[in-house]
Amino acid sequence: ETRTQPYIEGRTYVGVSSTVPEDNFFIAMVSELTIGGMIGVLSDFVPGLDGLVIPGKLAESGIYPFDKNYKTKCAGMLDGYANETTLDLECFAFFSFSPVKE
């Protein structure tokens, strides 16, 4: 499936244990999050944003995956059809948190 509309691919994983709090975790991942992409997605819901013109460098600024070749390397993973056990974290920009202290 080829997407023609702007989109932001995101995934979250949360692990919560009431008996072993050290096993709790949270991870949030996005394929790419740019100002231009956010405006593109929001323009479907907010009147007037579809005609907004912003400079190219500003529109391209944002959060990108670690792997600079992610658009070719991760194409199958970022279209929503990949098996969750095969996620490559280099295909996503991500934030993770765990309360475990070392």
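Within any chain, residue numbers begin from 1 and follow the written order of that chain's sequence. Selection of residues for local features in this predicted model requires a pLDDT of at least 70, selection of side-chain atom pairs for listing and counting requires 80 or more, and totals for whole chains, interfaces and linings are taken over all residues. Note that water and hydrogens are dropped before the side-chain values are worked out from all heavy atoms of the structure.

K.L.:
Before we go on, may I ask you to explain the overall build of the protein chain in this structure?
P.N.:
Each helix is a run of DSSP H or I of at least 4 residues and each strand a run of E of at least 2, with the numbering of both proceeding from the N terminus. Per the secondary structure count, the protein chain includes 4 helices and 5 strands. The secondary structure elements of the protein chain, listed N-terminal to C-terminal, are β-β-β-α-α-β-α-α-β. Split into buried and exposed, the 102 residues of the protein chain put 21% on the buried side. Whether two residues touch is decided by their heavy atoms; if any such pair falls within 4.5 Å, the residues are in contact. Pairs at least 24 apart in sequence give 59% of the contacts found in the protein chain among residues at least 6 apart. Accessible surface, the protein chain: about 7,400 Å² in total, of which carbon and sulfur atoms supply 59%. Any residue under 20% of the maximum accessible area for its type is buried, any over 50% is exposed, and the rest in between are partly exposed; the area is computed with a 1.4 Å probe on protein chains only. Accessible surface is estimated by sampling points in the Shrake-Rupley manner with a 1.4 Å probe; for residues, cover comes only from the protein chains shown.

K.L.:
Just to check I follow, could you spell out the environment of leucine 42 for this structure?
P.N.:
Note on placement: leucine 42 falls in helix α1 (residues 35-42). A sequence separation of 35 residues divides leucine 42 from tyrosine 7, and the C-alpha atoms of the two residues are 9.6 Å apart.

K.L.:
Looking at this model, I keep getting lost on the sheet that holds strand β2 (residues 25-30). Mind explaining?
P.N.:
Sheet strands pair by backbone hydrogen bonding; their relative direction is either parallel or antiparallel. Taken in spatial order, the 3 strands of this open sheet run β1-β2-β5, and their pairing is antiparallel. Since the sheet does not close on itself, it has two edges, and those belong to β1 (10-15) and β5 (93-97), each with one partner. Sheet twist, expressed as the mean angle between neighbouring strand axes with direction ignored, is 5°. Two strands make a pair as long as DSSP finds a minimum of two bridges between them. Of the strand pairs in this sheet, β2 and β5 are connected by 5 bridges, and their pairing is antiparallel. Looking across to β5, one finds that isoleucine 27 is bridged to serine 96. Each axis is a line fitted through C-alpha atoms, and for a helix only the stretch in contact is used; angles between axes span 0 to 180 degrees, taken between their N-to-C directions.

K.L.:
I keep staring at the side chain of asparagine 24 and nothing clicks. Help me out?
P.N.:
With respect to the helices and strands, the residue asparagine 24 is situated in the loop between β1 and β2. Here the side chain of asparagine 24 touches serine 17 through a polar contact of 2.5 Å, landing on its backbone nitrogen. Beyond its immediate sequence surroundings of up to four residues, asparagine 24 is in contact with Gly15, Val16, Ser17, Ser98 and Pro99. Pairing of N or O atoms within 3.5 Å defines a polar contact, subject to two protein rules: one partner must be a possible hydrogen donor and the other a possible acceptor, and residues neighboring in sequence count only if both atoms are side-chain atoms.

K.L.:
Which parts of the structure should I look at to understand the confidence of the model for the protein chain?
P.N.:
Interpretation of this model should avoid reading the predicted coordinates in detail wherever pLDDT is low. pLDDT expresses, on a scale from 0 to 100, how confident the predictor is about each individual residue. Here the protein chain shows a mean pLDDT of 77. Residues at 70 or above account for 81%. Per-element mean pLDDT across the protein chain ranges from 58 in helix α4 (residues 75-78) up to 89 in helix α2 (residues 56-60).

K.L.:
It is not clear to me how a nonpolar patch on the surface should be interpreted in this structure. Could you clarify?
P.N.:
Candidates for patches are residues over 30% relative accessible area with no salt bridge; among them, like charges are joined within 9 Å and nonpolar side chains (Val, Leu, Ile, Met, Phe, Trp, Tyr) within 5 Å. By definition here, a salt bridge exists when the distance from a side-chain nitrogen of Lys or Arg to a carboxyl oxygen of Asp or Glu is within 4 Å. A cluster of nonpolar side chains, contributed by Ile8, Ile35, Met38, Leu42, Phe45, Val46 and Leu58, occupies part of the molecular surface with about 590 Å² of accessible area. For the nonpolar patch, the element with the highest residue contribution is α1, accounting for 3 residues. With respect to the helices and strands, the residue leucine 58 is situated in helix α2. Overall, the relative accessible area of 40% leaves leucine 58 in the partly exposed class.

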